[in-house]
Amino acid sequence: MSSLSTQKRESDLFASGSWPSVALILLFAVVIAACHGKTMLLVGDFAQSFNVDPARGSWIVSAVALIAAVASPVVTWIVSVTGERRAIIAGLLVASGCGYLGGQATGFAEFLFLRVLEGAGYITVVLAALALLIHTTDGPRRVRALAFWSVASPLGGAISLFAVSPFVGGEWRLVFSGHAVILLFLLFAVPLLPAANLARKGEKKPFRRIFDIYRHPRIIRLAAAVGIPLTVGLGLATVVPHYFIEQLGVAPATLGFVSTLGILSSVLAGALAGYLLTWRVGPIAVVSGAVIGLVLEILVFTPGVTAGVAIAAKITQGFFGSFVMAWVFTNIPKMSPNGDLMGAGSIAEQFLYLSMFLGPVLLFPVYTLETRLPLFLAFALAHLLPLFLLPLGLKEAYGAFSRKTAKSA
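### What about the overall build of the chain?
Per the secondary structure count, the chain includes 18 helices and zero strands. Seen through its C-alpha atoms, the chain measures out along the principal axes to roughly 70 × 65 × 45 Å. The buried share among the 409 residues of the chain stands at 51%. For the chain, the proportion of contacts with a sequence separation of at least 24, taken over those separated by at least 6, is 85%.

### Some details on the nonpolar core
Phe28, Ile88, Leu92, Trp149, Val328 and Tyr353 are the most contacted members of the largest nonpolar core, which totals 87 residues. In terms of residue count, the dominant contributor to this core is helix H7 (residues 108-135) (12 residues). In contact with Phe28, not counting residues within four places along its chain, are Ile88, Leu92, Val125, Leu186, Ala189, Val190 and Leu193. If you look at the next biggest cluster of nonpolar residues, it comprises 25 residues, including Val239, Leu248, Val250 and Phe379.

### Section: helix H9 (residues 152-164)
With 13 residues, H9 ought to run about 18 Å at 1.5 Å a step, and its terminal C-alpha atoms sit 18 Å apart, in line with that. Residues of H9 that are buried: Ala152, Leu155, Gly156, Gly157, Ala158, Ser160 and Val164. Next to the buried residues of H9 lie helix H2 (19-36), helix H8 (139-149), helix H10 (172-186) and helix H12 (252-276).

### Thoughts on the packing of aromatic side chains
All chains considered together, the criterion is met by 22 aromatic pairs. For the pair Phe301 and Phe379, a centre-to-centre distance of 5.6 Å together with 45° between the ring planes defines the contact as tilted. Placement of Phe301 in the loop between helix H13 (282-300) and helix H14 (307-320) and of Phe379 in helix H17 (residues 373-389) is noted, with a sequence separation of 78 residues between them. Neither residue differs from the other here; Phe301 and Phe379 are each classed as buried. Taking 6.2 Å as the distance between ring centres and 35° as the angle between the ring planes, the aromatic pair formed by Phe376 and Phe379 counts as tilted. Of this pair, Phe376 and Phe379 both sit in helix H17, three residues apart, which is roughly one turn of that helix. Each member of the pair Phe376 and Phe379 is classed as buried. Ring-pair connections join several aromatic residues into one group, and the members of that group are Tyr243, Phe244, Phe301, Phe364, Tyr367, Phe376 and Phe379.

### Things to note about unusual backbone geometry
Positive phi is not limited to glycine here, since Asn51 has a value of about 55°. By the secondary structure assignment, Asn51 is in the loop between helix H3 (43-50) and helix H4 (54-57). Note on Asn51: relative accessible area 71%, which makes it exposed. Here the phi dihedral of Asn338 falls at roughly 55°; this positive angle occurs in a residue that is not glycine. Mapped onto the elements of the fold, Asn338 is located in the loop between helix H15 (322-330) and helix H16 (341-367). Here Asn338 falls in the exposed class, since its relative accessible area comes to 65%.

### Some details on the side chain of Ser322
Take Ser322: it is sitting in helix H15. When neighbours within four sequence positions are excluded, Ser322 is seen to be in contact with Ser266 and Ala269.

### Quick look at a nonpolar patch on the surface
Where nonpolar side chains cluster on the molecular surface, the patch consists of Met40, Leu41, Leu161 and Val168 and spans about 300 Å² of accessible area. Along the chain, the position of Val168 falls in the loop between H9 and H10.

### Notes on the environment of Ala87
Note on placement: Ala87 falls in helix H6 (residues 84-104). Separated by 39 residues in the primary sequence, Ala87 and Val126 have C-alpha atoms spaced 9.7 Å apart. Not counting residues within four places of it along the chain, the set of residues in contact with Ala87 comprises Val79, Thr82, Thr124 and Ala128.

### Digging into the pattern of salt bridges
Summed over the entire model, instances satisfying the criterion amount to six salt bridges. Arg115 is the partner of Glu118 in a salt bridge, and the nearest nitrogen-oxygen pair spans 3.2 Å. Taken as a pair, Glu118 and Arg115 lie in helix H7 at a separation of three residues, close to a single helical turn. In this structure Glu118 comes out as buried when scored by relative accessible area, which is 1%. Look at Arg115 and you get buried, because its relative accessible area is 1%. Salt-bridge contacts for Glu297 lead to Lys314; the nearest nitrogen and oxygen are separated by 3.0 Å. With Glu297 in helix H13 and Lys314 in helix H14, this residue pair connects regions lying 17 residues apart in the sequence. Residue Glu297 is classed as buried on the basis of its relative accessible area of 4%. A single network of salt bridges, built from pairs that share partners, joins Lys38, Arg115 and Glu118.

Analysis parameters
- Residues numbered from 1 in each chain as written.
- Predicted model: local features only at pLDDT ≥ 70, side-chain atom pairs only at ≥ 80, totals over all residues.
- Heavy atoms only, no water.
- Helix = DSSP H or I, 4+ residues; strand = E, 2+ residues; numbered from the N terminus.
- Buried < 20%, exposed > 50% of the residue type's maximum accessible area, 1.4 Å probe, protein only.
- Contact = heavy atoms within 4.5 Å.
- Core = buried A, V, L, I, M, F, W, Y, C linked by side-chain atoms within 4.5 Å.
- Expected span 1.5 Å × (residues − 1).
- Phe/Tyr/Trp six-rings, centres within 6.5 Å; stacked < 30°, edge-to-face > 60°.
- Patch = residues over 30% accessible without salt bridge, like charges linked within 9 Å, V, L, I, M, F, W, Y side chains within 5 Å.
- Areas by Shrake-Rupley, 256 points an atom, 1.4 Å probe, with all protein chains shown as cover.
- Salt bridge = Lys/Arg side-chain N within 4 Å of Asp/Glu carboxyl O.

Put into structure tokens, the structure is as follows:
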């Protein structure tokens, strides 16, 4: 009898759409981001272990992002057919198994192939969890949940950097085994997730029609609003260390501290944005964050800026710059064609992972140009273009704010 009572209390606590249920779904996103990012610090170790040059070794990092971007439409179809919870279980098993085997690999080609399969497992879990998040929430709760979802990836990346850094230059294979075990433990939390297939009628389509979603102008706008800012933002992950260390003379340890504070400030901004976006001042906050974030980003790379000013500006920019991306992700339901929430969410994640792959490749050459103007133009596009691509509602928010101010006076 006591066992039944315990199960009922757990069921009530993690009821579909409740905050504990939402937090659990977000936990899956953070853990997957942490496991995905475990290779960022280990490229040199891969190159040494498999006797390849670092450029080739870096494909171990890029492979996950590339397969996730390519496989997103197919994975979304699989999730709609099998159901979110089954897809999460399958994705965790694939990612865990291939991650463990990758840690035992003796050849680079074998290692890269297993890393690709591991990435397929990751994107399956991510898209199924996002589908659950969208299907089990609505109104302000959905806005707040999606705003935090937008910073789940950097939060997971920060956790991964802390967890992996002690193993750099040592037992990188132990990192793969450890993360495989973490994913297996995550399976114990799956029964707390909603069990039914929550895909709606408009989201269940024949396999031959999975690419039809790209024909909708709203989806193209959503893809650009996600892809352009993240391509620049993730490209800066390679630009910033070079700039701070080589040009400003910042010590690597100090840069690590600055990067951590920047990530934490962006996570705080994502949580705060979720609340601001449910108020009338939400659009004003987004525009203000975009403008302030742009000014601070330019200040960091302005010729002649001191290291102290650049560090302060970069940390602060991590906060204001995150408002735009949080707002973009909360627009996923609005940009869904014919109620295809899963399809729109899949496109957002697809271009997030595509940005991980393209960001460093595209932005670093722009950074190395003699003039900073092309780099500053890229910053402007990243911060301001989404404001013109997605429905902002600034006029309505400003009108309501003005009426309230006049009434108070």
